[in-house]
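Structural overview
Each chain, letter by letter, is given below.
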Amino acid sequence: MDINRVVERGIELCHRVAPAELNGQRLRIIPQTHLPPLLGGETNCYGYTSPSLDLHLHHTFKDWDGQRGPVIVLGHLNIERDFPTRTVNKMLGTILHELAHCLERPSLFRPRPYNQMLIRMEAIKIAEAVTVDEVGDGTTPPWTTHEARFMRIAYHLRYRAARLNYDIRPNEVYSSERFGMSLAAEYSRTLDAEAERCLSWTFRDICQRPMPMLFERIYDRDKTNWFNSQALKQRNADESDIYS
């Protein structure tokens, strides 16, 4: 697989689905194999981003000229391993997933002064975080870091990509069902009418509008079901402490 070609397609796709936000911006998509292990080359993620990732990785860029911009790392080896079919589709979906994270921030990247020691420490810390398999204790809500605002942006991006004839499924952008929530396709359908109506809108303007009622209803239902399941687990645990 020509990963450089996938990156080129990914950058073109991002600019086409978020033209207002990325106008004049230098977006970089970095394959994991372009990074040393200490800086994320051994990531277990399919993709990741952070507000200062350009500063964290800038010395690995051959064309770094000091221009700030959003950066996405693509864990293409992990995607190739886990998605032997529709591999490129999943890679492009992952790129849209990370773009959604960039777009939900107050700004595409974090404006800040450059402090070499601090930036280096942050870069290593992030690399460590993305190379460790997280084993949760089941007490963290599944939507943490992927709340309704993120999901709304992500599925709008997927809709815009589909309108441009990109074959990317909702669960290839964000698989809500993987986290015990309703199907990605179900969430995505509730946003189709809004996404069609708002094709030319900025995502800031979209997110300032009330969420579509059906989307919000499904999201609230999933949250309620999760909290109810946690309460049931706790009741069962309490009862197991009672002996007769």
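Right above here is the structure, for reference.
A few points on the structure. (Residues numbered from 1 in each chain as written. Predicted model: local features only at pLDDT ≥ 70, side-chain atom pairs only at ≥ 80, totals over all residues. Heavy atoms only, no water.)

Examining the side chain of Thr-43
Let me state the cut-off plainly: By definition, any uninterrupted DSSP run of H or I lasting at least four residues is a helix, any uninterrupted run of E lasting at least two residues is a strand, and each is numbered from the N terminus. We call two N or O atoms a polar contact when they sit within 3.5 Å, provided that within protein one can donate a hydrogen and the other can accept it, with sequence-adjacent residues counted only if both atoms are side-chain atoms. For this analysis, residues touch if any pair of their heavy atoms sits within 4.5 Å.
Topologically, Thr-43 is positioned in the loop between β1 (28-31) and β2 (47-48). In this structure the side chain of Thr-43 is engaged in a polar contact, spanning 3.1 Å, whose partner is the backbone oxygen of Val-130. The residues touching Thr-43, leaving out its near neighbours within four places in the chain, are Gln-32, Tyr-48, Gly-75, Asn-78, Val-130 and Thr-131.

Description of the sheet that holds β2
To keep things clear, this is the line we draw: Strands are labelled as partners when DSSP assigns at least two bridges between them.
One open sheet holds the 3 strands; their spatial order is β1-β3-β2, and the pairing between them is mixed. Because the sheet does not close on itself, it has two edges, and the strands there are β1 and β2. Bridge analysis of β2 against strand β3 (residues 71-74) gives 2 bridges, and the strand direction is antiparallel. Note that in β3 the partner of Gly-47 across the bridge is Leu-74.

Observations regarding the packing of helix α7 (residues 148-163) against helix α9 (residues 184-197)
Put simply, the rule reads: Every angle, taken between N-to-C directions, lies between 0 and 180 degrees, and every axis is a line fitted to C-alpha atoms, over only the stretch in contact when it is a helix. Angular relationships are summarised with four words: roughly parallel below 35 degrees, roughly antiparallel beyond 145, roughly perpendicular across 65 to 115, and oblique for the angles in between. Each residue receives one of three labels: charged for Asp, Glu, Lys and Arg, nonpolar for Ala, Val, Leu, Ile, Met, Phe, Trp, Tyr, Cys and Pro, and polar for the others, Gly being one of them.
Between α7 and α9, whose axes approach to 9 Å, the crossing angle comes to 70°. The orientation of α7 with respect to α9, classified from their angle, is roughly perpendicular. Here Met-151, Arg-152, Tyr-155, His-156, Arg-158, Tyr-159 and Arg-163 of α7 lie close against α9, whose contacting residues are Ala-184, Tyr-187, Ser-188, Leu-191, Asp-192, Glu-194, Ala-195 and Glu-196. When the residues that make up the contact of α7 with α9 are grouped by side-chain class, the tally is 7 nonpolar, 2 polar and 6 charged.

A short note on the pairing of β1
Two faces belong to every sheet, and in a regular strand the side chains alternate between them. As a reminder of what qualifies: Residue burial is assigned from relative accessible area. The probe radius is 1.4 Å, only protein chains are included, and a residue is buried under 20% of its type maximum, exposed over 50%, and partly exposed in between.
Neither face of β1 is left uncovered, since the one carrying Arg-28 and Ile-30 and the one carrying Ile-29 and Pro-31 both have all their residues buried. When β1 meets β3, the two strands line up parallel, connected through 4 bridges. Bridging across to β3, Pro-31 finds its partner in Leu-74.

Description of the packing of helix α5 (residues 87-104) against α7
Note the cut-off: What makes a crossing left-handed is the near helix being turned counterclockwise from the far one by less than a right angle; a clockwise turn instead makes it right-handed.
It is at 9 Å that the axes of α5 and α7 come closest, and there the two elements cross at 130°. In terms of axis orientation, α5 runs oblique to α7. The two elements α5 and α7 cross, and the hand of that crossing is right-handed. On α7, the residues that touch Leu-96, His-97, Leu-99, Ala-100, His-101, Leu-103 and Glu-104 of α5 are Arg-149, Phe-150, Ile-153, Ala-154, Leu-157, Arg-158 and Ala-161. Class assignment of the residues belonging to the contact of α5 with α7 gives a composition of 9 nonpolar, 2 polar and 3 charged.

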